[in-house]
There are 2 protein chains.
Amino acid sequence: MEHKDIPDIVVGRLPLYLRTLQHMAQDGRLLTSSQELGERLGISAAQIRKDLSQFGEFGKQGTGYQIEFLIKKLREILHINQEWDLVVVGAGDIGSAVVRYRGFANRGFRVAMVFDSDPDKIGSQVGDFTVQDGSYMVEAIRAARVKVAMLAVPAAQAQEVANRLIEAGICAILNYAPISLNVPPGVFVQYIDPAIHLQRMTYYLV
Amino acid sequence: MEHKDIPDIVVGRLPLYLRTLQHMAQDGRLLTSSQELGERLGISAAQIRKDLSQFGEFGKQGTGYQIEFLIKKLREILHINQEWDLVVVGAGDIGSAVVRYRGFANRGFRVAMVFDSDPDKIGSQVGDFTVQDGSYMVEAIRAARVKVAMLAVPAAQAQEVANRLIEAGICAILNYAPISLNVPPGVFVQYIDPAIHLQRMTYYLV
DNA sequence: TAGATTGTTAATCGATTAACAATC
DNA sequence: TAGATTGTTAATCGATTAACAATC
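A quick note: this is a predicted structure, and the numbers were derived from the prediction, not measured.

### Brief notes about the interface of chain A and chain B
On the chain B side, the residues contacting the 57 residues of chain A number 57 residues. The tally of links between chain A and chain B comes to 8 salt bridges. On inspection of chain A and its partner chain B, the count reaches 26 residue pairs in polar contact (both at pLDDT 80 or more). Looking at the side of chain A that touches chain B, the elements that each hand over two or more residues are α1 (8-26), α2 (34-41), β4 (84-89), α5 (93-100), β9 (148-151), β10 (172-175), β11 (188-191) and α8 (194-202) of chain A. Here the side of chain A that touches chain B gets 9 residues from one element, more than from any other, and that element is α8 of chain A.

### A look at the relation of the copies chain A and chain B
Expressed as a screw operation, the relation of chain A to chain B combines 0.0 Å of axial shift with a rotation of 180°, fitting to an RMSD of 0.0 Å. Taken together, the turn and the small shift mark the pair as related by a two-fold rotation axis. The residues that chain A uses at the interface reappear at the interface of chain B in 98% of cases, marking a shared surface.

### Section: the sheet that holds strand β8 (residues 132-133) of chain A
All names here are of chain A. Here we have 6 strands laid out as an open sheet, ordered β8-β5-β4-β9-β10-β11, and parallel in their pairing. Of all the strands in the sheet, just β8 and β11 have a single pairing partner and so form its edges. Packed onto the sheet, helix α7 (residues 155-167) meets β4, β9 and β10 and runs at close to 170° relative to β9.

### Section: the protein's contact with DNA strand C
Residues in close proximity to DNA strand C total 25 residues, the closest being S34, R49, G59 and Y65 of chain A together with Q47 of chain B. Each atom of DNA strand C within 4 Å of the protein was classed as base or backbone; sugar and phosphate made up 61%. Contact distances for DNA strand C include 3.4 Å between a sugar or linking oxygen and a side-chain N or O atom of E57 of chain A. The contact in question runs from a sugar or linking oxygen of DNA strand C to an N or O atom on the side chain of Q47 of chain B, over 2.9 Å. Mapped onto the surface near DNA strand C, the elements with two or more residues apiece are α3 (45-53), β2 (59-60) and β3 (64-66) of chain A together with α1 (8-26) and α3 (45-53) of chain B. In terms of residues, the surface near DNA strand C owes the most to one element, α3 of chain B, which gives 4 residues. Residue classes in the surface near DNA strand C are distributed as 5 nonpolar, 12 polar and 8 charged.

### Regarding the pattern of salt bridges
Evaluated as defined, the whole model comprises 22 salt bridges over all chains. Measuring nitrogen to oxygen at the nearest pair gives 3.9 Å for the salt bridge that ties E76 of chain A to K72 of chain A. Within this pair, E76 of chain A and its partner K72 of chain A are both found in helix α4 (residues 67-77), separated by 4 residues, close to a single helical turn. Between K73 of chain B and E76 of chain B there is a salt bridge whose closest N-O contact spans 3.7 Å. Remark: E76 of chain B and K73 of chain B occur in helix α4 (residues 67-77); sequence separation between them is 3 residues, near one turn of the helix.

### Description of the protein's contact with DNA strand D
For DNA strand D, the set of nearby residues contains 25 residues, the closest of which are Q47 of chain A together with S34, R49, G59 and Y65 of chain B. Among all atoms of DNA strand D positioned within 4 Å of the protein, those belonging to sugar or phosphate total 61%. In the model, a sugar or linking oxygen of DNA strand D is placed 3.1 Å from a nitrogen or oxygen of the G62 of chain B main chain. When residues of the surface near DNA strand D are traced back to their parent elements, those giving at least two are α1 and α3 of chain A together with α3, β2 (59-60) and β3 (64-66) of chain B. The dominant element in the surface near DNA strand D, judged by the number of residues it contributes, is α3 of chain A, at 4 residues. Tallied by class, residues from the surface near DNA strand D come to 5 nonpolar, 12 polar and 8 charged.

### Quick word on α3 of chain A
All names here are of chain A. Listed in full, the buried residues belonging to α3 are I48, D51 and L52. End-on view of α3: buried residues confined to an arc of 95°, all on one side of the axis. At its buried positions, α3 is contacted by α1, α2, β3 and α4.

Cut-off values and rules
- Residues numbered from 1 in each chain as written.
- Chains lettered and ligands numbered in written order.
- Predicted model: local features only at pLDDT ≥ 70, side-chain atom pairs only at ≥ 80, totals over all residues.
- Heavy atoms only, no water.
- Contact = heavy atoms within 4.5 Å.
- Salt bridge = Lys/Arg side-chain N within 4 Å of Asp/Glu carboxyl O.
- Polar contact = N/O pair within 3.5 Å; in protein donor to acceptor, adjacent residues only side chain to side chain.
- Helix = DSSP H or I, 4+ residues; strand = E, 2+ residues; numbered from the N terminus.
- Least-squares fit on C-alpha atoms with pLDDT ≥ 70 in both.
- Pairing = 2+ DSSP bridges.
- Axes fitted to C-alpha atoms, helices over the stretch in contact; angles between N-to-C directions.
- Near = heavy atom within 4 Å.
- Nonpolar A, V, L, I, M, F, W, Y, C, P; charged D, E, K, R; others polar.
- Buried < 20%, exposed > 50% of the residue type's maximum accessible area, 1.4 Å probe, protein only.
- Arc of directions from axis to C-beta.

Note that every value here comes from positions in space, so none of it alone points to a role or purpose.
Spelled out as structure tokens, the structure:
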């Protein structure tokens, strides 16, 4: 049942379903339907049913989906029924904002360590963390068996730092540097670049 | 020639092409090929040629693409041969990091104003900007004819603030709040939610 | 029961790739 | 010229949707 051969585009929608379901649960809701979920997300009801059916039968005809049950299932599917430690690399504006971000709670992640290579930043306090010396990053990550990293260093250093993260055993990188990373198979990268997102919209303007 | 009927998925790749071309130009490079571009981005050469050919003939057989020329064309296509003013709403950690972000330079955007509703933040300095009172946001945006917003307020307020942005004439919103926004046709939204990106990777881990 | 909604199938729609003539 | 690479076509591949039997 684990990993049939799910298209990545389907995997990409599951976190959106989960987020919406968690909002519904917060509102005290118990049941929802593929139609309601679709309306809230701008996705067709058929697609939502098809996506979910790849992993099992989670609903009931005539009734819909029990929100808490579906949340539990999606958390299992996405492997966030555990909490993943995060390493944040780069304690500049973006790195610091990420370290202080409250939005990871109950979503499968917690910041575990913060590194920078700037002597002015090493030893300083960011949120609940002391910025550690990047020179010792590889050993520290390896010792703590951290698998997920957020990369918030300048573009010029991003590839080199990514190489060291991979050497340290990191296999998922959320990259805030505006540059495409080259990584070996088995390492996953996601990109956050506000300018890219903005440009995608200005195409449609005027 | 403007707006035949380009698939959104193609539009979404153009900023990536542009970013890579700008890196090449910075390295002093003059020419590239669909093959080289593809290798750097993990995209097939055929796809890049097909994407670009939707907008014109920008290359030369046997030679490839002149980097500066293609940059110019992509900037025109994406409407970033102008600089767009940005309004940042929310002067918390994320909003402040966005305001101070140096990565918009030469990519078509500049922060123009910053708003918050917290009396402790109003009047304070963030980077080069003074945080303005959110109560006057709609009039200020309308008067300055700003069209693009970055939304960095708590999820609970995001939809309400988005409504006011749209009322003010905003038609592109980059939303950092972890919630799906409901917007009318003609308003575009892009989402940045680190937890969503991370969950998309943990699916593949262990 | 009547109404609602699932899970699934088949049909449609759209995106990607392979291949190659054109030509620099 | 020979080699390289484009722009484009047709074929392949994959994703979405419409429809409906099953059933709660």
